[in-house]
Number of protein chains: 2
Amino acid sequence: MPEENVVFVGKKGTMSYVLAVVTQMNQGANEVFVKARGKAISRAVDVAEIVKNKFIPNAKVDDIKIATEEISTEEGNPLKVSAIEITIKK
Amino acid sequence: MPEENVVFVGKKGTMSYVLAVVTQMNQGANEVFVKARGKAISRAVDVAEIVKNKFIPNAKVDDIKIATEEISTEEGNPLKVSAIEITIKK
């Protein structure tokens, strides 16, 4: 089961994730966490900005956290990547 | 003259910017602003995490702001890009 109120931004087009956030907010979520790792971090920032500026005018960025997470490569080796979590609230 | 205490992250290798932040802090800056736009945003997060975790243990991320900025393309057309500003403090 996907975690509630979380949109994990990956390699799809930006608008897919914008739509996911907007849908969750229109279905009653007052708070959505936009998360991303590595190169997708820039896209997560785009998602938050587009939601706020174009779709949900009363939404605002409530908090932004960054961290370093350790993931496993396909060969099973540990790899450190940066991560971001943007909290959008209305 | 470059703005004081600001490191603008672009297309160079991550460690160039890490070194720039570390140098500013070692020269007495208690606060450095790491700024980036567009795809360089992910690299700015890497820079902040590496400074904090590997070089300046008492440094912490004090604030993170995101915004939308309008720049001009080479053809002179307006283009909106996301931007980030990470405040590192010790």
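Computed from a predicted model, the values in this text were never measured in an experiment.

S.K.: Go over the relation of the copies chain A and chain B with me, naming the residues and quoting the values.
M.R.: In screw terms, the move from chain A to chain B is a rotation of 180 degrees and a rise of 0.0 Å along the axis, fitting with an RMSD of 0.0 Å. Between the two chains, the operation in question is that of a two-fold axis. Closest approach to the rotation axis within chain A is made by the C-alpha atom of A:Ser42, at a distance of 2.7 Å. Here 100% of the contact residues of chain A are again contact residues in chain B; the copies associate through an equivalent surface.

S.K.: Account for the packing of helix α1 (residues 14-26) of chain A against helix α2 (residues 41-55) of chain A, naming residues and giving values.
M.R.: All names here are of chain A. Their axes nearest at 9 Å, the elements α1 and α2 cross at an angle of 55 degrees. Here α2 runs oblique to α1, going by the angle between their axes. Handedness of the crossing formed by α1 with α2: right-handed. Counting all contacts with α1, which are made through Thr14, Met15, Tyr17, Val18, Val21 and Val22, the residues of α2 involved are Arg43, Asp46, Val47, Ile50, Val51 and Phe55.

S.K.: Can you tell me about the packing of α2(A) against helix α2 (residues 40-55) of chain B, naming the residues and giving the values?
M.R.: In the contact formed by α2(A) and α2(B), the axes pass within 6 Å of each other and the chain directions differ by 115 degrees. Here α2(A) lies roughly perpendicular to α2(B), going by the angle between them. When the axes of α2(A) and α2(B) are compared, the crossing they make is right-handed. Here A:Ile41, A:Ser42 and A:Val45 of α2(A) lie close against α2(B), whose contacting residues are B:Ile41, B:Ser42 and B:Val45. Of the residues in the contact of α2(A) with α2(B), the class split is four nonpolar, two polar and no charged.

S.K.: I'd like a description of the sheet that holds strand β3 (residues 60-72) of chain A, backed by residues and values.
M.R.: Ordered in space as β1-β2-β4-β3 (chain A), the four strands form an open sheet in which the pairing is mixed. With partners counted over all chains shown, the strands left at the sheet margins are β1 (6-9) and β3 of chain A, one partner each. Here the average twist between neighbouring strands, direction ignored, is 20 degrees. Pairing of strand β2 (residues 31-37) of chain A with strand β4 (residues 78-89) of chain A, which is carried by seven bridges, proceeds in the antiparallel orientation. Note that in β4(A) the partner of A:Arg37 across the bridge is A:Ala83. Contacts from α1(A) reach β1, β2 and β4 of chain A within the one sheet, and its direction differs from that of β1(A) by about 180 degrees. Along the sheet face, α2(B) touches β3 and β4 of chain A and points at about 65 degrees away from the line of β3(A).

Cut-off values and rules
The residue numbering used here restarts from 1 in each chain and proceeds along that chain's sequence as written. Here every chain gets a letter starting at A, and every ligand a number starting at 1, in the order they are written. It should be noted that, the model being predicted, local features are given only for residues of pLDDT at least 70 and side-chain atom pairs only at 80 or more, the latter also being counted only at that level, while totals for whole chains, interfaces and linings use all residues. Calculated side-chain values reflect all of the structure's heavy atoms, with hydrogen atoms and water omitted. Our superposition of the copies is a least-squares fit, built on the C-alpha atoms of residues whose pLDDT is at least 70 in both. Any two residues whose heavy atoms approach within 4.5 Å at even a single point are treated as in contact. All axes are obtained by fitting lines to C-alpha atoms, using only the stretch in contact for helices, and the reported angles, taken between N-to-C directions, cover 0 to 180 degrees. Comment: elements are numbered from the N terminus, with helices defined as DSSP H or I runs of at least four residues and strands as E runs of at least two. When describing relative orientation, an angle under 35 degrees is termed roughly parallel and one over 145 degrees roughly antiparallel, while 65 to 115 degrees is termed roughly perpendicular and anything else oblique. By definition, turning the near helix anticlockwise from the far helix through less than a right angle yields a left-handed crossing, and turning it clockwise yields a right-handed one. When residue character is reported, Ala, Val, Leu, Ile, Met, Phe, Trp, Tyr, Cys and Pro are called nonpolar, Asp, Glu, Lys and Arg charged, and the others, Gly included, polar. Whether two strands pair comes down to DSSP finding at least two bridges between them.

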